[in-house]
Amino acid sequence: MGKLVVHALRAVLVVVLAGTVFVQALMAWALVSGNDPEDGSLPLTPLRVITLLGMVAVQVALVCVWRLVTMVRRGTVFSHAAFRYVDVLIGAIVAGALVWFAVTAVNAPGQRADPGVTVIMGGIGVGILGVALIVLVLRMLLAQAVARDVEAAEMQAELDEVI
């Protein structure tokens, strides 16, 4: 992985992390101040709490990606230490999907006239779960690569003994 790619990815991660912290600060301030619309059209307090939880899931995923990029840069990603970050990343993505389903459930009563919005939101949640499954498949590929790396190291050690 080139330095330019690593720096670009880290810049994106920093911007997204700063954005999530900003949104969390706004949501926390709104929860404390209690600024709900006068007509009561949306249950904003549950949505704000859900948003705070969603931002935590995003932040956890960002930290895991940062650590994995660091491991790639150092050449240590094909080790058992990488599994911890990949597993936490999968958990964060699943948590994000659950948070999205919670948003969908809170929003659903307001969409009785147009249930298509709720169906689309549910489909987005399924898509998020699909991303978690893709990362799970990539984890399995990482496990195979680590096993091959260990096997190659053992074979090299045997070859060194023979020579």
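Cut-off values and rules
- Residues numbered from 1 in each chain as written.
- Predicted model: local features only at pLDDT ≥ 70, side-chain atom pairs only at ≥ 80, totals over all residues.
- Heavy atoms only, no water.
- Helix = DSSP H or I, 4+ residues; strand = E, 2+ residues; numbered from the N terminus.
- Rg over C-alpha atoms; globule rule 2.2 N^0.38 Å.
- Contact = heavy atoms within 4.5 Å.
- Areas by Shrake-Rupley, 256 points an atom, 1.4 Å probe, with all protein chains shown as cover.
- Lys, Arg positive; Asp, Glu negative; His and termini not counted.
- Charge placed at Lys NZ, Arg CZ, Asp CG, Glu CD.
- Axes fitted to C-alpha atoms, helices over the stretch in contact; angles between N-to-C directions.
- Parallel < 35°, antiparallel > 145°, perpendicular 65-115°, else oblique.
- Nonpolar A, V, L, I, M, F, W, Y, C, P; charged D, E, K, R; others polar.
- Buried < 20%, exposed > 50% of the residue type's maximum accessible area, 1.4 Å probe, protein only.
- Polar contact = N/O pair within 3.5 Å; in protein donor to acceptor, adjacent residues only side chain to side chain.
- Left-handed = near helix turned anticlockwise from the far one by under 90°.
- Salt bridge = Lys/Arg side-chain N within 4 Å of Asp/Glu carboxyl O.
- Expected span 1.5 Å × (residues − 1).
- Patch = residues over 30% accessible without salt bridge, like charges linked within 9 Å, V, L, I, M, F, W, Y side chains within 5 Å.

(A) Looking closely at the overall build of the protein. Scanning the protein from N- to C-terminus turns up four helices and zero strands. In the protein, the succession of helices and strands from N to C terminus is α-α-α-α. In terms of C-alpha radius of gyration, the protein reaches 21 Å, well past the compact-globule figure of 15 Å for 163 residues. Taken along the three principal axes of its C-alpha coordinates, the protein extends 85 × 30 × 25 Å. Contacts spanning at least 24 positions in sequence make up 71% of the contacts within the protein whose residues lie at least 6 apart. Put simply, the protein shows about 10,300 Å² of open surface, and 72% of that area lies on carbon and sulfur atoms. For the protein, the distance from the average position of its 10 positive side-chain charges to the average position of its 11 negative side-chain charges is 8 Å.

(B) Focus on the packing of helix H3 (residues 81-107) against helix H4 (residues 116-162). The geometry of H3 relative to H4 is characterised by a closest axis approach of 9 Å and an angle of 175° between their N-to-C directions. Looking at the two axes, H3 sits roughly antiparallel to H4. Considered class by class, the residues forming the contact of H3 with H4 number 24 nonpolar, six polar and two charged.

(C) Main features of the side chain of Gln-24. Within the fold, Gln-24 resides in helix H1 (residues 3-33). Residue Gln-24 is classed as buried on the basis of its relative accessible area of 15%. Within the local environment of Gln-24, its side chain forms a polar contact with the side chain of Gln-59, the two groups lying 2.7 Å apart. Excluding anything up to four places from it in sequence, Gln-24 contacts Leu-52, Met-55, Val-56 and Gln-59.

(D) Expanded view of the packing of H1 against helix H2 (residues 44-74). Viewed as axis vectors pointing N to C, H1 and H2 meet at an angle of 160°, and their least axial separation amounts to 9 Å. Taken together, the axes of H1 and H2 lie roughly antiparallel to each other. Where H1 crosses over H2, the two elements pack in a sense that is left-handed. Per-class residue counts for the contact of H1 with H2 are 21 nonpolar, six polar and four charged.

(E) Structural view of the pattern of salt bridges. Inspection of every chain in the model, using the stated rule, returns one salt bridge. Here Asp-87 and Arg-139 are joined by a salt bridge, their closest N and O atoms 2.4 Å apart. Of this pair, Asp-87 sits in helix H3 while Arg-139 sits in helix H4, placing them 52 residues apart in sequence.

(F) Representation of H2. Look at H2: 45 Å from first C-alpha to last across 31 residues, which is about the 45 Å you get at 1.5 Å a residue. Two residues or fewer past H2, Gly-75 is found with a positive phi of approximately 80°.

(G) Structural detail: the environment of Leu-4. The topology assignment puts Leu-4 in helix H1. Owing to a relative accessible area of 71%, Leu-4 belongs among the exposed residues under this scheme. C-alpha separation for the pair Leu-4 and Cys-64, spaced 60 residues apart in sequence, amounts to 20 Å.

(H) Focus on a negative patch on the surface. A surface patch of negative charge is lined by Glu-151, Glu-154, Glu-158, Asp-160 and Glu-161. Topologically, Asp-160 is positioned in helix H4.

Limitation: the analysis is restricted to geometry and does not speak to function.
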